[in-house]
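# Observations on the three-dimensional arrangement
Below are the chains, spelled out letter by letter.
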Amino acid sequence: MTVASPERVLLKGNEAIAEAAVQAGCDAYFGYPITPQAELLEWMARRMPEEGRPFVQAESEIGAISMALGAGATGARVMVSTSSPGFSLMAEGMSYMAGSEVPAVVVNIMRGGPGLGSIGPAQADYFQAVKGHGHGDYRVPVLAPASIAEAMALVADAFEIAERYRTPVILLADGVLGQAMEPVVPVYRNPPRQVGDWMLGGADGRPPRVVRSLDLHPEALEAHNDRLQAKYRTIESREVRWAGERLDDAEVLIVAYGIAARVARSAINRAREAGLRVGLFRPISLWPFPSAALAEAAAHARAILVVELSAGQLVEDVRLAVEGRVPVFHHGRTGGMVPVPTDVVEALRRAWAITPDRAARPAGGAR
Amino acid sequence: MTVPDVGVPARVIASRPALLEDRSTHYCPGCGHGVVHRLVAEVLEELGVGSRTIAVAAVGCAVFAYEYLHVDFLEAQHGRAPAVATGVRRVRPDAFVLTYQGDGDLAAIGTAEIVHAAARGERITTVFVNNGTYGMTGGQLAPTSLLGQRTSSTPLGRDARLNGYPLPITEMLALIPGTAYAARGSVATPATIGKTKAMLRRACEAQIEDRGFGIVEVLSNCPVGWGMTPVESIGHLAEVAETYPLGVLVDRGREG
């Protein structure tokens, strides 16, 4: 079901994500206050009871993710939200959810780290979200919006992916997207429901069901893990998302997600005015990472510049994707600082200056 | 089985509860978990809630409770069972929600979760089996271990100066207004087992009657962890009860 409100409204990111979840049929929300995510919790505190649905402010992020595990195990559509330090605390629960295959949407509005860090925006949790938060051999889909409108759309998609594959899904955004206001025409979607013979509800006229991650028999646990891995391969083949802008004639690609992609867009406009042919490759699913699409988009590029709000995390996946065929540069800010277009343009100029023209590249590098 | 003709009609005076699976358990010989499992099965059956029960298994010896109790089960992270049960309860108001936790799980790593489930007055029932040690990992010091108790991590005995005092967590939980029922029983004797069953029933009724959180602490034995024979360990429960007195700690809001 898709509902479009014709009116353009000014929405704050955190509140827009929350309302998108309400409209997507979120059955229960559990959270704990932390900046810069608190408005999401506050919106849910008001809206969920209005809809007659449970809202619980938990004793900790550990409590919140545990409540999500319990609610999700009954087949309920569940969301939790937090920011970086709280995301660390949710890691335990996400590992159990991955192991016991319980769906939920986990929102992380990232702030500067490490430790208590700052309350400014960051993308410092890329490794944590993409490469593994909790213990064990598992993967979790990660969706990264670059605008408030996209964040709202991805909320519904995240629920759908979570339930289709019985997995937690992370919506990974930075503090700017959480705190900023943007004019949007809200489009809401309530994805169709799954019915599973694993959902708990009481063994009434059927054998009892058990949702668990423990299996002390190594052969059985390996078989379970093999099944999880097969599921991850399916997700990798079906759920890759990315967007490209001005790639057709681009000699240098900026790879950026979230707010960094917005900064990159401004930098690209300025660079093109100066005669540099630059395009944007924006991963939307950080796992599965759009490796093949990036390798193809970069096949004829002279350089890639990765722009992110971290000291260099996304850049590693970019390097893996192009496997040394294209030089990869990095421009990052940390601690709650956001890159500015001027600095990105400067980084583009440097990358341009020290890489050979496409025509001069050895065979195989040029079309 | 044929019943020998002894001149009077045969009648059943004891049987296995239908909610208790007919299988041998992984518990050590003499362990009290088997008795508590049976009590839980009997109470759920007598209250008629088995078919709508969603139980939460906690990390520890009783993590395999789902192998023995014929109800839907969810496995929680260590200590988090009350929070997991909260999630179940809030989206399933029609369900009967139970957690089955040990003392390491509930009184150490899961202290925050149990305290706040009680503070919220969650309509859940907690079966808290206190055997004063971490049985599954080899008999280490638990928050509930007695002063002087030798464990694999207090080889010289629990010293209050170094290891702190036994934690009376059920008394603490009884102070909280959200706790409708809190009591402490024991598997020491048939008499205490009978009283413990009545306590479990009351704790479950607190949930059914929508009065609040219910908990029964059951003093139980760990012969292997304590380095005792099963018979010695059962006898030792009398000493355990000197630190943890048996009885009802709070019973709020009951009508009549």
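Residues numbered from 1 in each chain as written. Chains lettered and ligands numbered in written order. Predicted model: local features only at pLDDT ≥ 70, side-chain atom pairs only at ≥ 80, totals over all residues.

Summing up its helical and strand segments, chain B has 9 helices and 9 strands in all. Whereas a compact globule of 256 residues would reach a radius of gyration of roughly 18 Å, chain B reaches 18 Å, a difference of no more than 12%. Principal-axis analysis of the C-alpha atoms places the extent of chain B at approximately 65 × 45 × 35 Å. By residue count, 54% of the 256 residues in chain B fall in the buried class. Looking at chain B alone, contacts between residues at least 24 apart form 66% of all its contacts between residues at least 6 apart. (Helix = DSSP H or I, 4+ residues; strand = E, 2+ residues; numbered from the N terminus. Rg over C-alpha atoms; globule rule 2.2 N^0.38 Å. Buried ≥ 20, exposed ≤ 12 C-beta atoms within 10 Å, placed from the backbone. Contact = placed C-beta atoms within 7 Å.)

Residue and element names in this part refer to chain A. For helix α11 (residues 314-322), every residue scored as buried is listed here: L314, V315, D317, V318, A321 and V322. Summarising the axial view, the buried residues of α11 lie within an arc of 160°, below the 170-degree limit, and thus occupy one face. In this structure, the buried residues of α11 make contact with α5 (126-131), β13 (252-255), α10 (291-297), β16 (303-308) and β17 (328-332). Just downstream of α11 lies E323, where phi reads positive at about 50°. (Arc of directions from axis to C-beta.)

Turning to the interface of chain B and chain A, a few remarks are in order. Counting residues at the interface gives 28 residues for chain B and 35 residues for chain A. At the level of elements, β1 (53-57), β2 (72-75), α2 (81-91) and α4 (111-119) of chain B are the ones that each hand at least two residues to the side of chain B that touches chain A. In terms of residue count, the dominant contributor to the side of chain B that touches chain A is α2(B) (8 residues). Looking at the side of chain B that touches chain A residue by residue, the class counts come to 14 nonpolar, 7 polar and 7 charged. Here strand β11 (residues 210-211) of chain A runs beside β2(B); their pairing, made up of 2 bridges, is parallel. (Nonpolar A, V, L, I, M, F, W, Y, C, P; charged D, E, K, R; others polar. Pairing = 2+ DSSP bridges.)

Residues and elements named next belong to chain A. The element strand β6 (residues 104-110) is extensively covered by neighbouring structure, given that 7 of its 7 residues are classed as buried. Burial of β6 is two-sided: the residues A104, V106, N108 and M110 facing one way and the residues V105, V107 and I109 facing the other way are all buried. Both strand β5 (residues 78-82) and β6 contribute to a ladder of 4 bridges, which runs parallel. Each residue of the ladder has a partner; that of T82, found in β6, is N108. One crossover worth recording links β5 to the parallel β6 by way of helix α4 (residues 84-100), and it is right-handed. (Right-handed = clockwise from strand over helix to strand, strands pointing away.)

Residue and element names in this part refer to chain A. Along its sequence, chain A is carved into domain 1 (2-196 + 213-238) and domain 2 (243-360). The C-alpha centroid of domain 2 is placed 27 Å from the C-alpha centroid of domain 1. It is α5 that provides the largest number of residues to the side of domain 1 that touches domain 2, a total of 4 residues. Its residues placed into classes, the side of domain 1 that touches domain 2 shows 18 nonpolar, 4 polar and 4 charged. (Domains from an automatic or database assignment.)

Along the chain, V84(B) turns up in helix α2. Overall, the presence of 35 C-beta atoms within 10 Å leaves V84(B) in the buried class. A sequence separation of 74 residues divides V84(B) from A10(B), and the C-alpha atoms of the two residues are 46 Å apart. When near neighbours in sequence (up to four residues on either side) are disregarded, V84(B) contacts S66(A), M67(A), L69(A), G70(A), V56(B), L74(B) and A76(B).

This part takes up the sheet that holds strand β14 (residues 278-283) of chain A. All names here are of chain A. Spatially, 5 strands are ordered β12-β14-β13-β16-β17 in an open sheet, and the strand pairing comes out mixed. A single partner strand is all that each edge strand has here, and the edge strands are β12 (242-245) and β17. This sheet shows a mean twist of 20° between the axes of neighbouring strands, independent of strand direction. Taken together, the 4 bridges between β13 and β14 define a ladder with parallel strand orientation. Each residue of the ladder has a partner; that of V255, found in β14, is F281. Along the sheet face, helix α9 (residues 259-273) touches β12, β13, β14 and β16 and points at about 170° away from the line of β14. Strand contacts of helix α12 (residues 341-354): β13, β14, β16 and β17, with the helix running at about 155° to β16, the strand carrying the most contacts. (Axes fitted to C-alpha atoms, helices over the stretch in contact; angles between N-to-C directions.)

As a further point, take the pairing of β1(B). Residue and element names in this part refer to chain B. Along β1, 5 of the 5 residues are buried, which leaves the element largely enclosed by surrounding structure. What you see with β1 is no split at all: T53, A55 and A57 on one side and I54 and V56 on the other are buried throughout. The pairing of β1 with β2 spans 4 bridges and is classified as parallel. In the strand pairing of β2, A57 is matched with E75.

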